[in-house]
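Here's the letter readout for the chains.
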Amino acid sequence: MMRRLHLGAFMRPVSIHTGAWRYPGAARDANFNFPLLKRFIQRLEAAKFDAFFMADHLAVLNMPVAALKRSHTVTSFEPFTLLSALAGATERIGLVATASTTFDEPYHIARRFASLDHISGGRAGWNIVTTANPDAALNFGYDDEIDHDERYARAREFYDVVTGLWDSFADDAFIRDAETGIYFDPAKLRVLDHKGKYLSVRGPLNIARPAQGWPVIVQAGASKAGRALAGATAEVIFAAESSIERAQAFHADIRRRMTENGRDPELLRVLPAAFVVVGDTVEEAKAKRAHLDSLVHYDSGIHSLSGMLGHDVSGYDPDGPLPEIPPTNASQSARERIVELALRENLTIRELAARAGSYSGLAFVGTPQTIADQMQEWLEARASDGFNIMFPWLPGGLDDFVDRVVPELQRRGIFRREYEGSTLRDHLGLPRPANHFFS
């Protein structure tokens, strides 16, 4: 049987490119315009996308005002509020939100995702992240960010607590027998009573088990600690590898870790982030990308670069090489990618800043046919199970992909023409998890 692509849409921010809002024809307020966002998700659902993904930040981006004043992401909706509203405007597409294990409590996370899953009829996904942002730490009463490995150790325990809370009630706990007056069976309620190194949570959760059993578990980290967490918990990974060979190695590593954790490695979907620019010819698509990149101001780029490195490099010679960067608690996978890029292509700080402010990862820039060729190559090489699509600007970049690339993928038989189920697990081919406590 031919393998088929899974497609997610990276929609917060609506474009990761810092010049996106300046592109000719772009909706300048697309990141904070509910009618537009509703139109976007309905277009994606009509194209049969698996999921609509909302990343999140728990602070105004930590950059100087010189860069912040140029950012179209300075104002964004809170993901749960937005996705709950969009659930009522859609019927099938998955709704994935980022929620931090560093600056939130398991009970809150469990309750919000269970609610979203019920409201949407089983379409919720939880992107587990640990937060590496000193400004976010200050917003939650911490003087500094938490150590990288300790964040991941807490996240592992956090996952156990949240999934345990989701399993507070058996699926058939609610009898609702008006004649006897029994609403639920107490024998089918479990008090979690968790006491661990980082967390103490009694439970039970005051909401029925989610419609999918559990919302789909999504992860994006690629550091050593991130891979360990993914091997133990993830069902979908939003990866960041930009070559087939590295992606194959990453995929194999996570599958090995899943096996070591007693998990079935076939129940994993790896979706690398892919920045897609469509043109009538390859040359036209490259020209669009070049014009878009030219709209990145150095003030934006240098602070995007500093954020990825976890170290301020704005004081160094822009036309000199990247200096040796000291260890930090920032995202290690992002830092490793940009340092490797600098070494591989011998880039100056100015050149790296332009890449950081645009998008330095996997990009498909070409015609619908060449883009489909590349996606099919990744799929057939088992380097990915699909892609998390990043649109270059909105609405044009999204419309180009939906109207031109999706039909080509469907013509080749590697992307669905219709949804075959109603839940996000159905779309991804993932089973409903068994309850921890009730068979």
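The structure we're discussing is the one just above.
We now turn to the structure provided with this report. (Residues numbered from 1 in each chain as written. Predicted model: local features only at pLDDT ≥ 70, side-chain atom pairs only at ≥ 80, totals over all residues. Heavy atoms only, no water.)

## A closer look at helix 11 (residues 332–345)
Between its terminal C-alpha atoms helix 11 stretches 20 Å, which fits the 20 Å expected from 14 residues at 1.5 Å a residue. Along helix 11, the residues classified as buried are Ser-333, Ala-334, Arg-335, Ile-338, Leu-341 and Ala-342. Downstream of helix 11 by a residue or two, Asn-346 has a phi angle that is positive, lying close to 50 degrees. (Helix = DSSP H or I, 4+ residues; strand = E, 2+ residues; numbered from the N terminus. Expected span 1.5 Å × (residues − 1). Buried < 20%, exposed > 50% of the residue type's maximum accessible area, 1.4 Å probe, protein only.)

## Comments concerning the environment of Val-270
Among the structural elements, Val-270 can be located in strand 11 (residues 269–270). The exposure class assigned to Val-270 is buried, which follows from its relative accessible area of 1%. Excluding residues within four positions of it along the chain, Val-270 makes contact with Ile-237, Ala-239, Phe-250, His-251, Ser-384, Asp-385 and Gly-386. (Contact = heavy atoms within 4.5 Å.)

## Details of the packing of aromatic side chains
Inspection of every chain in the model, using the stated rule, returns 18 aromatic pairs. Each ring, one from Phe-49 and one from Phe-401, has its centre 5.9 Å from the other, and the planes form 70 degrees; the classification is edge-to-face. Of this pair, Phe-49 sits in the loop between helix 1 (34–46) and strand 2 (51–54) while Phe-401 sits in helix 14 (residues 396–411), placing them 352 residues apart in sequence. Neither residue differs from the other here; Phe-49 and Phe-401 are each classed as buried. Taking the centre distance of 5.3 Å and the plane angle of 85 degrees together, the rings of Phe-364 and Phe-387 count as edge-to-face. With Phe-364 in strand 13 (residues 363–366) and Phe-387 in strand 14 (residues 386–390), the pair connects residues that are 23 residues apart, well separated along the chain. Among the aromatic residues, those joined into a ring-pair cluster are Phe-80, Phe-113, Trp-126, Phe-158 and Trp-166. (Phe/Tyr/Trp six-rings, centres within 6.5 Å; stacked < 30°, edge-to-face > 60°.)

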